[in-house]
Amino acid sequence: MYKGIFIHVPKAAGTSMMDAFEPHQESGLITENTSFLKKHMPPRSAPMIQMFNFEISRAHVMKRVIGSYAWDSTFKFCFVRNPWSRYVSNWHWLTRTGQRTGWADRGWKGLDGEITFEDFVHQVGDIYDRPVSRYQHDKWHMRNQVEHISDNQGNLMVDFIGRVENVEEDFATVCNKVGLPDVTLPHLNHVGYHQGQDRASQPHYSVHYTPELVELVRQRAKADIEAFEYEFEDKK
């Protein structure tokens, strides 16, 4: 029997968790990088293409490889983030300098590191209607979190949903549940991480918002807001 199954939701501390879990991913704690998953679902396989097209979720793909009995018998968990905060995180991440393929090269307007948050929010509205025919970096990160962890009827496929806003406590909870209480969580992909900068305190996400932007994100992230009961917190 497996210790647990971790479903990585983009821009919800998943990279840090994948790093923390890496030493254990071949000994019972299943992640997307566990070798037998990658062997049975290579990037160009039909299920992976369906996943990148948002026809099925990452959780659905993992269940297909693991099998229904083992899936149903194993503790499954993920982490999510307040959608308004996640938008700010995606802005920092997707428009940063030093990317292999820059913002403009991916079809957007503006220079890496110079796109304002307001401009970013308005531009990426196109993501929600853009047809998908292959992996699209921006769409993968921006789409609602429920789309990564639900079945085709919209039912959540996990047993525990941790929150970035309570990450230390919730991460400790899942580590204890899967029998790895000594695992520590690094802080990767923070603002400036790829430029070699130390992690620094960031202002509350609400400082970046106007009333118009609050409502735009509310409309686009309605599914996440309802599923996880998030609301905008104004701490300007």
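Note: the structure precedes this text.
Just so we're clear, the structure is a prediction, and the values are computed from it rather than from any experiment.

Chemist: I tried to follow the packing of helix H6 (residues 83–94) against helix H11 (residues 211–220) on my own but got confused; where do I start?
Modeler: With their axes 10 Å apart at the nearest point, H6 and H11 run at an angle of 105° to one another. The angle between H6 and H11 falls in the class roughly perpendicular. Here H6 contributes Pro83, Trp84 and Tyr87 to the contact with H11, which in turn contributes Val214, Val217, Arg218 and Arg220. When the residues that make up the contact of H6 with H11 are grouped by side-chain class, the tally is five nonpolar, no polar and two charged.

Chemist: Please clarify how empty space enclosed by the protein should be interpreted in this entry.
Modeler: To find leftover empty space, a probe the size of one water molecule is rolled over the atoms. All told, the structure shown has one cavity of 30 Å³ or more when counted by the stated rule. Put simply, the largest cavity is a space of about 60 Å³. As for the largest cavity, its lining consists of Pro83, Arg86, Tyr87, Asn90, Tyr128, Met142, Asn144, Gln145, Ala221 and Asp224. It is H6 that contributes the most residues to the lining of the largest cavity, four residues altogether. Class assignment for the residues of the lining of the largest cavity results in five nonpolar, three polar and two charged.

Chemist: Where do I start with H6 in this structure?
Modeler: Residue pairs three or four apart in sequence face the same way in an α-helix, which turns once every 3.6 residues. Here H6 spans 16 Å end to end across 12 residues, near enough to the 16 Å set by a 1.5 Å rise per residue. Counting buried residues along H6, 11 of its 12 residues qualify, which places the element largely inside the surrounding structure. Buried within H6 we find Pro83, Trp84, Ser85, Arg86, Tyr87, Val88, Ser89, Asn90, Trp91, Trp93 and Leu94. At the N-terminal boundary of H6, the capping side chain belongs to Asn82, with an oxygen 2.9 Å from the backbone nitrogen of Trp84.

Calculation criteria
Residues numbered from 1 in each chain as written. Predicted model: local features only at pLDDT ≥ 70, side-chain atom pairs only at ≥ 80, totals over all residues. Heavy atoms only, no water. Axes fitted to C-alpha atoms, helices over the stretch in contact; angles between N-to-C directions. Helix = DSSP H or I, 4+ residues; strand = E, 2+ residues; numbered from the N terminus. Parallel < 35°, antiparallel > 145°, perpendicular 65-115°, else oblique. Contact = heavy atoms within 4.5 Å. Nonpolar A, V, L, I, M, F, W, Y, C, P; charged D, E, K, R; others polar. 1 Å grid on protein atoms, 1.4 Å probe; cavity = no way out; pocket = protein on both sides within 12 Å on 5 of 7 lines; lining within 4 Å. Points joined across faces, edges and corners; volume = space filled by probe spheres on them. Expected span 1.5 Å × (residues − 1). Buried < 20%, exposed > 50% of the residue type's maximum accessible area, 1.4 Å probe, protein only. Polar contact = N/O pair within 3.5 Å; in protein donor to acceptor, adjacent residues only side chain to side chain.

The analysis is restricted to geometry; functional conclusions fall outside its scope.
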